[in-house]
Amino acid sequence: MRIENYRKKLVSAVLAAIVCLTLITVNAGFAHHSYDNKKNILILNSYHKGYKWTDNIVEGISSVLGPNAQRFNVQIEDMDTKRISADEQYINKLYEIYKYKFQDKKFDVIICSDDAAFQFLEQFHQQLFPGTPIVFCGVNYFEDSMVKDRNVFTGVVEMYDIRKTLETALTIHPNTKNVYVINDKTITGQGIRRNLLDTTSEFTNINFISLEDLKMPEILDRVQRLPQDSIVLFLVFFQDVAGDYFTYDESISLVSGKSQVPVYGVWDFYLGHGIVGGMLTNGYFQGEMAAKMALSILNGQQPSTIPVVQDSTNRYMFDEVQMKRFGIKNYQLPENSMIINQVYSNKKQLLVLNSYHSDMVWVQNIDAGIKSILGDNKNIEFHTDYMDTKRNPSPEYLQKLHEAYNYKYSNKKFDAVLVTDDIAYSFMLTYQQELFPNTPIVFCGVNNFNEEEFAQHNQWFTGIVENIDIEGTIKAALQMHPNTKTIAVINDKTPLGQSNRRLLNSIMPSFSANGINFVILEDMNMSEVQEKVTQLPEDSIILLLSFNQDKSNNIFSYEESIELIAQRAKVPIYGLWDFYIGHGIVGGLLTNGYSQGEMAAKMVSRILSGEQPRNIPVVKESPNSYMFDYNQLLKFSVDPKRMPEGSFIVNRPITFYEQYRSLVWGVGSFIVLLVTAICLLYVNIVRRKKVERELQLYATTDTMTGVLNRRTGLIFLEEQIALADRTGKSFTVCFVDVNDLKKVNDKCGHNEGDRLIEAVSQILKEALRKSDLLCRLGGDEFLIILSDNSMQQGEQLWQRIAERINTYNDTSDNCFTISLSHGFAEYMPASATSAADLIKEADFNMYKCKNSGKVSVDDDYNL
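Each value, and the rule that gives it
- Residues numbered from 1 in each chain as written.
- Predicted model: local features only at pLDDT ≥ 70, side-chain atom pairs only at ≥ 80, totals over all residues.
- Heavy atoms only, no water.
- Pairing = 2+ DSSP bridges.
- Helix = DSSP H or I, 4+ residues; strand = E, 2+ residues; numbered from the N terminus.
- Axes fitted to C-alpha atoms, helices over the stretch in contact; angles between N-to-C directions.
- Right-handed = clockwise from strand over helix to strand, strands pointing away.
- Left-handed = near helix turned anticlockwise from the far one by under 90°.
- Contact = heavy atoms within 4.5 Å.
- Nonpolar A, V, L, I, M, F, W, Y, C, P; charged D, E, K, R; others polar.
- Phe/Tyr/Trp six-rings, centres within 6.5 Å; stacked < 30°, edge-to-face > 60°.
- Buried < 20%, exposed > 50% of the residue type's maximum accessible area, 1.4 Å probe, protein only.
- Lys NZ or Arg CZ within 6 Å of the ring centre and 35° of its normal.

A. Spatial organisation of the sheet that holds strand E1 (residues 39–45). Within the open sheet, the five strands sit side by side as E2-E1-E3-E4-E5. Their pairing is parallel. Each edge of the sheet is formed by a strand with only one pairing partner; in this case those strands are strand E2 (72–78) and strand E5 (153–157). Sheet twist, expressed as the average angle between the axes of neighbouring strands with direction ignored, equals 15 degrees. As paired elements, E1 and E2 share seven bridges and run parallel to each other.

Here it is, written out as structure tokens:
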């Protein structure tokens, strides 16, 4: 009953769509019939757009007609008989619709694909298209008598070759005794079954077992328990005996994924989805040959003089992925075999697919984060592609990209694909199994993450969700400008902008309740925004969400938008992304592309080492950082003590003189004004010198712990490497991770979590020598640089740290117990090891320590 209802609804929907298209096409036909001298071509497909075989036939036709497109009007009709049973009632309804639709339309030639369309034209040719030449292709059940008395028919017979596929498979696997045949009971399947029975009678020593009477779950259960002296012959399987439908890639992927023995086939659209290969029929060649015949007819040749092509256009094709899976070597294949997914290198193949273009700072930051983890790995071969959708936002462009990638990567096998930002992620959700079947996908920079949508793909997907923190940025801005009464929000109407607006709407009430007035500047031209920001009162700040497209659809890069706004703004501007830093924002709690790329690359590394994507949890709370621009802090006289703890400061100027020399020279010729200016500037100089000293301290130290921050620590590490290379003396680094910080935060609150970090930093500082350096990398991670120390000496140092931790835990009455994991790495002079590699090695050793038995914060600590 469920299948019957589904079928009735689908029939009604298809017929309704055809009727609608009929009215449009007929009217269009009347409009152009008298004035268009182009040749009219109808392509009548048995199946539907999106069905791989049909798409390949149409691509083959287009390869011939495309270069002559100015000569033709091409119309495509899909009968959709793969999804709707071609019974008499449905065929008669199609006849009535086509009779009405084409009553005033004259075609010069018709190309039909596959049996249903061919049989339809056999029956209704004279009623619908009298005298019109017919070129068929993809026809399985053909006899010369079918076109004997019809001088308008010619075409290409689809000669799938079960015999040669079986001969090849049995040659490759000479010990085979059983061939399990998977075929459905559709009209196509039963026609193939007749040919199969004729063929199998020739293989008297082989036992053929049909699985056509089983449901898909039963088939999967059977194939995963087949004896090793077996192979699977996969013919067609679009519907099982329970009436459940499967796409071409679903059925073969399910079977191949469960099968413990090789699977062979006879159609090329299954290649790359699970079959080893065989003598495969190709829809593209069918369409190409049919189109060449149609061209000959349009050039004056009679169809009756063009013989029906019954010679095979098939070729031996194989998938190297499946060959490796079952230990099949190239020399075992027939001569001139085509092999897809062939890799000419032992390196792991990684595709990085970016949503945007390479000139965007955000993209460059993500790339830098990826390269910091994977860039020096000589066992990885990178392939990078840029979708460039920021400059090409139309849906039609994405469809063109799909077609281009389908061609570009059709014979390429990747070990993993890393996609950046929402458009590439959404694109991959839609097309992954078509473009990169069974390939792990790691995403980063994704804002619009939907749990339900992801759940349908989580076998192959994992990654990093990009969290923008509007609330954190606003709180930081109000903390730094306590007299603020108005926040002017600049935002656009793009999908990203509307996502930003929804987040803003959810948090505005809490700030409005405390007297903050929000002014929304959106749906404006850039010139209007510039005018508005000049009129803001002094007790205002600006929050820039995104403004890449204005009301008149003018496109701006991130850098252009902030610079145009900052040129006119007289009050501080805050933002959400790090690529605005240096172009006009003071700062904020910023999302960092580098961190996104770095974390995604770590996931890729785990996958390339053998982990399954489904076993790597999606990171839904990506790290953001408080970042501020030194120049903007000075411009608006921000007190550094008001900055949030853990803030990073960037873009420090070189000298005070270089900042103000133009001002000094400008008044140099006016002595009186110079003296006055010096007097007026004196107080300002003293105040600014004080601010500069404080900012310099904040720029190099971690405000929570007082130790060096990440940026400064990495600079010292680079210097230590250079010193070691000059002196020939090795040194050691130690990567330290504070265990269970999140549990402390969740159980005891973030204040206690901060106290834990402060206590750890104090213990580490007290245990180190004066020549050693300690920096906080961020969050719960520290790095110790031990100058002139070997690994053995480093372990001795750790014993001192362990003793101090035990003492602290025994004597302190805290909510938490300190527990650390650590890992060492030793730098050998002139080894060409980079700072990133050294940290990576220590990080890896730290994880080994952690995985060997991390101690819970609630347990007694034993080092």
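Right, picking up where we left off after that structure.
B. Expanded view of the pairing of strand E23 (residues 624–629). In the sheet, strand E22 (residues 587–591) pairs with E23 via five bridges, with the strands oriented antiparallel. Residue Gly587 lies in a different strand from E23, and its bridge partner there is Phe628. Here E23 runs beside strand E24 (residues 648–650); their pairing, made up of three bridges, is parallel. In the strand pairing of E24, Asp629 is matched with Val650. A crossover links E23 with its parallel partner E24, the connecting element being helix H20 (residues 630–635), and its sense is right-handed.

C. Molecular detail of the packing of helix H17 (residues 526–534) against helix H18 (residues 558–568). At a minimum axis distance of 8 Å, the contact between H17 and H18 shows a crossing angle of 35 degrees. H18 is crossed by H17, and the crossing has right-handed handedness. Across the interface between the two elements, Met526, Val529, Gln530, Glu531, Val533 and Thr534 from H17 touch Ser561, Leu564, Ile565 and Arg568 from H18. Of the residues contributing to the contact of H17 with H18, the split by class is five nonpolar, three polar and two charged.

D. Examining the packing of aromatic side chains more closely. Here the structure, examined in full by the defined rule, presents 38 aromatic pairs. Ring geometry for Tyr558 against Phe579: centres 4.2 Å apart, planes inclined by 40 degrees, an arrangement best described as tilted. One end of the pair, Tyr558, is in helix H18; the other, Phe579, is in the loop between strand E21 (573–574) and E22, with 21 residues separating them in the sequence. Both residues of the pair, Tyr558 and Phe579, count as buried. Each ring, one from Phe579 and one from Tyr580, has its centre 5.1 Å from the other, and the planes form 70 degrees; the classification is edge-to-face. The same class applies to Phe579 and to Tyr580, which are both buried. Pairwise contacts between aromatic rings join Tyr47, Tyr51, Trp53, Phe234, Phe238, Tyr248, Phe269 and Tyr270 into one cluster. One cation-aromatic arrangement involves Lys371 over Phe382; the distance from NZ or CZ to the ring centre is 5.3 Å. Over the aromatic face of Tyr356 sits the side chain of Lys390, whose NZ or CZ is 4.6 Å from the ring centroid.

Structural measurements only, silent on function.
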